[in-house]
Amino acid sequence: MSTIHPVPAEWAARAYVDAAGYAEKYRRSIEEPEAFWREETARLDWIKPWTRLSKSSFDEADFGIEWFSDGTLNVAANCLDRHLAERGDTVAILWEGDDPSQQRRITYRELHEEVCRFANTLRRLGAKKGERVTIYLPMIPEAAVAMLACARIGAIHSVVFGGFSPEALAGRIQDCDSKIVVTADGGMRGGKTVPLKANVDEALNHCTSVNAVLVVRHVGSSVTLAEGRDHWWHEERAVASADCPAEEMSAEDPLFILYTSGSTGKPKGVLHTTGGYLTWAAMTHHYVFDYRPGEVYWCAADVGWVTGHSYVVYGPLVNGATQVMFEGVPNYPDHSRFWQIVDRYQVNIFYGAPTALRALMREGDEWVKKTDRSSLRLLGSVGEPINPEAWEWYWRVVGDERCPIVDTWWQTETGACMMTPLPGAHALKPGAAAFPMFGVVPQLVDGDGAVLEGATEGNLCITQSWPGQMRTVWGDHERFFQTYFTTYRGKYFTGDGCKRDADGYYWITGRVDDVINVSGHRMGTAEVESALVAHAKVAEAAVVGMPHEIKGQGIYAYVTLNAGEAESDEIRKELVQWVRREIGPIATPDVIHFAPALPKTRSGKIMRRILRKIAENDTSNLGDTSTLADPGVVDTLIATRG
Ligand code: PRX
């Protein structure tokens, strides 16, 4: 039996929603959606109010997703302009560099001015409404500025995480045909410089579409600027006007593309639009974090991931929050870094990833205990299942048994939070994502699609559209439909497994498809496989996830070398380096297992179930192996497991 932490009395009394409030709002969101969303969309400033709530269908015949489609608004104006009168001098961003001595404070008025100058610069470089701008920046305020500048003029941003390699960056630039790239001379992580501009230069050797690169000077490293193509932001800024009227956008105009990994093929450009996404980010940020004006909020995610989009940039800024933005890593200069930042800025709400918590937990409690942390009142977790041990450590050691923990389940595709306990409403069960957000209808189904009721375990689907849902895969609407709506007809399939207990709490159990979650970073096994087979010495590769104490999952690669290639530690190292170069350090394989052959069915299909079991070192029950073309392959793999 798991422990239950009841709702603290002071939370029930003062939170935006208590238990009864949650039940009533949830009911209204489903039974009276028009009235419910009328209220929730009133958080935003609309230029033209919407009259059409939604026209969404998950069925093939009339497939499509639309929310508030005749309304118009501008996202940047919602995040900035409307705060100026009341909160112009309130700090929007408390930035701390990788080096603790580097700090910047930016008010809403200053952020507004920066965004206007940036937007005018993008325009001068040729950006127009509907065109794509790729952003490859470290965690510096200019990342938020660049995103909001795109939103201001109606350009579609595509942020690429700074840890991706030049090859991965090039693929993402090409897929959406960006003409402009925004980058920095470099980024800093744990005292080391990441050569962002050099990576862009290498990527652009493959991308002819790009005709302008805007470079933020950050680390001061020397970079080469290509004549006519590359421009320093600080030089542009000096001459750019701070007056930039915001473009009137339709609620269904695209806001951004964010590439994410799936079971098959190349990463997909997940497309989010304007009105529904912003409503969803604003509403969830408000209820989940119970944010109050004047509080300090900190989401430790990178803007390169969806969490950074919704809970560093759009959610907090649309709600007028004061937030910490941190460039560095949790263990530099030492393992107290997160909690030192909490104390320095008197952070009230902290939102982080289980992988960081597990890594810090291992270093011992003293690193936490020697900091004060009395400002904290709420903690959050995101990106992967949090194991009860890490949850209890977070609760006991970090939060001093005082701060509720919101374990928020969601996906790049869902825009923002979909299931979570609300801190004033729900008793907490360590490891449970608890209950659906307003407007979300989860359903568990078995492998054949039969709906499972009551306490059960199955595959997690969502049966109705919600405003923050992705609208398409960039350039491939058919792939959008095929990927998410055909496994279980008429339902959005999340790819996650899930349990529902007798109290109705939902527990995410992890991916049931060929997606793995490494340190909270989503990775398609197919991507790592195609990187491996692109190496001249590799004949075949199969990649699966393996349990990993810190990362949650590690990458386990079975590799068959070409005939005549001898297995060696050198090749092993070479392959690891190769994958890092092809995709980025986040895809570094943890294990390379040389396999003379892979277990295949007679029709040639690799039996991944068996490979997963061997990677997990759980070979006692491999299940039915009678359909294998050569069952002996399995014995060899077990015998050669390191
Ligand atoms: O498997 C789920 C896991 O992360 C996947 C989504 O990854 P991504 O699109 O990169 O978005 C991450 C940030 C929201 C999901 O399919 N996941 C995310 N949050 C949780 C989670 N698994 C369990 N518990 C969570 N709180």
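Predicted model only: the values in this text are computed from it and were never measured.

Procedures and definitions
Residues numbered from 1 in each chain as written. Predicted model: local features only at pLDDT ≥ 70, side-chain atom pairs only at ≥ 80, totals over all residues. Helix = DSSP H or I, 4+ residues; strand = E, 2+ residues; numbered from the N terminus. Rg over C-alpha atoms; globule rule 2.2 N^0.38 Å. Buried ≥ 20, exposed ≤ 12 C-beta atoms within 10 Å, placed from the backbone. Contact = placed C-beta atoms within 7 Å. UniProt positions renumbered as here; feature names shortened; annotations may be inferred. Near = placed C-beta within 6 Å. Nonpolar A, V, L, I, M, F, W, Y, C, P; charged D, E, K, R; others polar. Pairing = 2+ DSSP bridges. Right-handed = clockwise from strand over helix to strand, strands pointing away. Axes fitted to C-alpha atoms, helices over the stretch in contact; angles between N-to-C directions. Parallel < 35°, antiparallel > 145°, perpendicular 65-115°, else oblique. Left-handed = near helix turned anticlockwise from the far one by under 90°.

Caption draft 1: Seen up close, the overall build of the chain. Within the chain, the secondary structure is distributed over 21 helices and 29 strands. Here the chain has a C-alpha radius of gyration of 24 Å; the compact-globule value for 642 residues is 26 Å, and the two agree. With respect to the three principal axes, the spread of C-alpha positions in the chain is 75 × 65 × 60 Å. Residue burial in the chain is summarised as follows: out of 642 residues, 54% are buried. Sequence-distant contacts in the chain: of pairs separated by 6 or more residues, those separated by 24 or more amount to 70%.

Caption draft 2: Inspection of the UniProt feature "domain: AMP-binding enzyme C-terminal" (unreviewed entry) in the chain at higher detail. Mapped onto this numbering, the UniProt entry annotates "domain: AMP-binding enzyme C-terminal" (unreviewed entry) at residues 527-605. Note that residues 527-605 is 27% helix and 32% strand, and that its end C-alpha atoms are spaced 18 Å apart.

Caption draft 3: Examining the site of the ligand more closely. Taken together, 24 residues form the shell around the ligand, and within it Pro385, Trp409, Thr412, Ile508 and Arg522 come nearest. Of all the elements in the fold, those that place two or more residues in the shell around the ligand are α12 (306-318), β17 (378-382), β18 (405-408), β23 (492-500) and β24 (506-511). Of the residues assigned to the shell around the ligand, the class counts are eight nonpolar, eleven polar and five charged.

Caption draft 4: Representation of the sheet that holds strand β20 (residues 451-452) within the structure. What the five strands build is an open sheet, ordered β20-β19-β21-β23-β24; its pairing is antiparallel. Two strands bound the open sheet, and with one partner strand each, they are β20 and β24. Bridging between strand β19 (residues 442-445) and strand β21 (residues 456-462) involves four bridges; their strand directions are antiparallel. The residue bridging proline 442 from the neighbouring strand is isoleucine 462, located in β21.

Caption draft 5: Region of the structure containing the sheet that holds strand β5 (residues 156-159). Sheet architecture is open: eight strands sit in the order β10-β9-β6-β4-β5-β12-β13-β22, paired in mixed fashion. Sheet topology places β10 (230-232) and β22 (472-473) at the edges, where each strand pairs with a single neighbour. Looking at chain direction, strand β4 (residues 132-136) and β5 are connected through four bridges and run parallel. Across the sheet, the residue bridging to arginine 132 is isoleucine 156, located in β5.

Caption draft 6: The UniProt feature "domain: Acetyl-coenzyme A synthetase N-terminal" (unreviewed entry) in the chain, seen in detail. UniProt's entry tags residues 22-79 with the feature "domain: Acetyl-coenzyme A synthetase N-terminal" (unreviewed entry), counted in the numbering of this structure. Across residues 22-79, helical content stands at 41% and strand content at 3%; the span's end C-alpha atoms are separated by 26 Å.

Caption draft 7: Representation of α12. Counting buried residues in α12 gives 13 out of 13 residues, a clear majority hidden from the surface. Glycine 320 sits one or two residues past α12 and shows a positive phi near 70 degrees.

Caption draft 8: Summary view of unusual backbone geometry. For the peptide bond that leads from tyrosine 332 to proline 333, omega is -5 degrees, which places it in the cis range. Structurally, proline 333 can be placed in the loop between β15 (322-326) and α13 (337-345). Non-glycine residue aspartate 290 carries a positive phi angle of around 50 degrees. A positive phi angle, close to 60 degrees, is found at arginine 373, a residue other than glycine.

Caption draft 9: View of the pairing of β17. Burial analysis of β17 places five of its five residues in the buried class, which makes it a mostly covered element. When strand β16 (residues 349-352) meets β17, the two strands line up parallel, connected through four bridges. Following the sheet pairing, tyrosine 351 is matched in β17 by glycine 380. As paired strands, β17 and β18 are joined by four bridges and run parallel to one another. Paired with glycine 380 across the bridge in β18 is valine 406. Between the parallel pair β17 and β18, the chain is carried across by helix α16 (residues 388-398), and the sense of this crossover is right-handed.

Caption draft 10: Representation of the packing of helix α8 (residues 166-176) against helix α9 (residues 196-204) within the structure. Packing of α8 against α9 brings their axes to within 8 Å, and their N-to-C directions diverge by 60 degrees. Relative to α9, α8 is oriented oblique. Between α8 and α9 lies a crossing whose hand is right-handed. Taking contact as the criterion, the partners of Pro166, Leu169, Ala170 and Ile173 in α8 are, on α9, Asn199, Val200, Glu202 and Ala203.

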